[in-house]
Amino acid sequence: MAKRDDPEATAAAQPVAETAEETAERLRQGKGAPTPTRREQEAARKRPLVPTDRKEAARAARAKTVEAREKARVGMAAGDDRYLTARDKGPQRKYVRDYVDARFNIGEFLIPVMLLVIVLSFLPGYFQVYGLLALWAFFAIAVIDCFALGFLVRRRLAAKFGETKVEKGVRWYAAMRALQLRVIRLPKPQVKRGQFPS
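Residues numbered from 1 in each chain as written. Predicted model: local features only at pLDDT ≥ 70, side-chain atom pairs only at ≥ 80, totals over all residues. Heavy atoms only, no water.

**Some details on the overall build of the protein**
Line of reasoning, step 1. When helices and strands are tallied, the protein shows 8 helices and 0 strands.
Line of reasoning, step 2. Of the regular secondary structure in the protein, the N- to C-terminal order runs α-α-α-α-α-α-α-α.
Line of reasoning, step 3. Counting the 198 residues in the protein, one finds 22% classified as buried.
Line of reasoning, step 4. When the accessible area of the protein is evaluated, it comes to approximately 15,600 Å², of which 63% is carbon and sulfur surface. (Helix = DSSP H or I, 4+ residues; strand = E, 2+ residues; numbered from the N terminus. Buried < 20%, exposed > 50% of the residue type's maximum accessible area, 1.4 Å probe, protein only. Areas by Shrake-Rupley, 256 points an atom, 1.4 Å probe, with all protein chains shown as cover.)

**What about the packing of helix α7 (residues 126–161) against helix α8 (residues 170–178)?**
Line of reasoning, step 1. One way to put it is that α7 packs onto α8 with a least axis distance of 9 Å and a crossing angle of 130°. The orientation of α7 relative to α8 falls into the category oblique. In this structure, α7 crosses over α8, and the sense of that crossing is right-handed. Counted together, Cys146, Leu149, Gly150, Phe151, Val153, Arg154 and Leu157 of α7 and Val170, Arg171, Ala174, Ala175 and Ala178 of α8 form the full contact between these two elements.
Line of reasoning, step 2. Tallied by class, the residues present in the contact of α7 with α8 amount to 9 nonpolar, 1 polar and 2 charged. (Axes fitted to C-alpha atoms, helices over the stretch in contact; angles between N-to-C directions. Parallel < 35°, antiparallel > 145°, perpendicular 65-115°, else oblique. Left-handed = near helix turned anticlockwise from the far one by under 90°. Contact = heavy atoms within 4.5 Å. Nonpolar A, V, L, I, M, F, W, Y, C, P; charged D, E, K, R; others polar.)

**Some words on the nonpolar core**
Line of reasoning, step 1. Counting 13 residues, the largest nonpolar core has Val96, Val100, Leu149, Val153, Leu157 and Ala174 as its most contacted members.
Line of reasoning, step 2. Among the secondary structure elements, those contributing two or more residues to this core are α5 (91–102), α7 and α8.
Line of reasoning, step 3. Residue contacts for Val96: discarding those within four places in its chain leaves Val153, Leu157, Val170, Tyr173 and Ala174. (Core = buried A, V, L, I, M, F, W, Y, C linked by side-chain atoms within 4.5 Å.)

**With respect to the packing of aromatic side chains**
Line of reasoning, step 1. One pass over the structure, following the stated rule, counts 5 aromatic pairs.
Line of reasoning, step 2. Relative to Phe161, the ring of Tyr95 lies with its centre 6.4 Å away and its plane at 85°, an arrangement referred to as edge-to-face. Pair noted here: Tyr95 is in helix α5 and Phe161 is in helix α7, with a separation of 66 residues, a long-range link.
Line of reasoning, step 3. According to the relative accessible area criterion, Tyr95 is buried, its value standing at 7%.
Line of reasoning, step 4. Stacked on the ring of Phe161, the Lys or Arg Lys160 has its end atom at 5.8 Å from the ring centre. (Phe/Tyr/Trp six-rings, centres within 6.5 Å; stacked < 30°, edge-to-face > 60°. Lys NZ or Arg CZ within 6 Å of the ring centre and 35° of its normal.)

**Structural notes on α8**
Because an α-helix packs 3.6 residues into every turn, residues spaced three or four apart end up facing the same way.
Line of reasoning, step 1. Those residues of α8 not exposed but buried are Val170, Tyr173, Ala174, Ala175, Arg177 and Ala178.
Line of reasoning, step 2. Buried residues along α8 sit against α5 and α7.

**Let's talk about the pattern of salt bridges**
Line of reasoning, step 1. One pass over the full model with this rule turns up 13 salt bridges.
Line of reasoning, step 2. In the salt-bridge network here, residues are joined through shared partners; they are Asp101, Glu108, Arg177, Arg185 and Arg193. (Salt bridge = Lys/Arg side-chain N within 4 Å of Asp/Glu carboxyl O.)

**Overview of the packing of helix α6 (residues 110–121) against α7**
Line of reasoning, step 1. For the pair α6 and α7, interaxial distance at closest approach is 8 Å and the crossing angle is 165°. By the angle class used here, α6 and α7 are roughly antiparallel. As for how α6 packs across α7, the hand of that crossing is left-handed. For the pair formed by α6 and α7, the contact residues are Leu110, Val113, Met114, Val117, Leu120 and Ser121 on the first element and Phe127, Gln128, Gly131, Leu132, Leu135, Phe138 and Phe139 on the second.
Line of reasoning, step 2. A class-by-class count of the residues in the contact of α6 with α7 yields 10 nonpolar, 3 polar and no charged.

Nothing here speaks to function; it is geometry throughout.
If you want it as structure tokens, here you go:
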């Protein structure tokens, strides 16, 4: 029994002739250049292992390193999590920083008081004795303030994140930040005094 040819299938199987305009449009949309040979592609990828101008290469590498360091320094000062050290990363550490920066800390004036005591030590008589006593008294008050700060920070972190999820070392982190002058803290303070985090 002979097969009958389906006229629609036969028409679909035959290629349709393109007009000149369609061919030009297809070529414009394509890559428009012959495919490069393997040898040409490999030659384009090859770069010398040692640059021809070493001084220029070293200068460029130095400039790139300086730019990367500056970007990291600005990012760290701004508190960008990508540039922070492992010690400063995480939401709990950010909360501690904001809490310490919003609070008035006695310990941040420890360095100016120490400088004052050094100046007083050059003066004769009782200035040296009273200066040293004042320094020890101030130091004791700053330590008590740091203990109170650590207790408050831990309690607030437990209320916000849960008692079991509070990271180790947050009290020490808060105390070390509280003992620094506000202007030299890194990352830089992101909140004003009195703007306690919620």
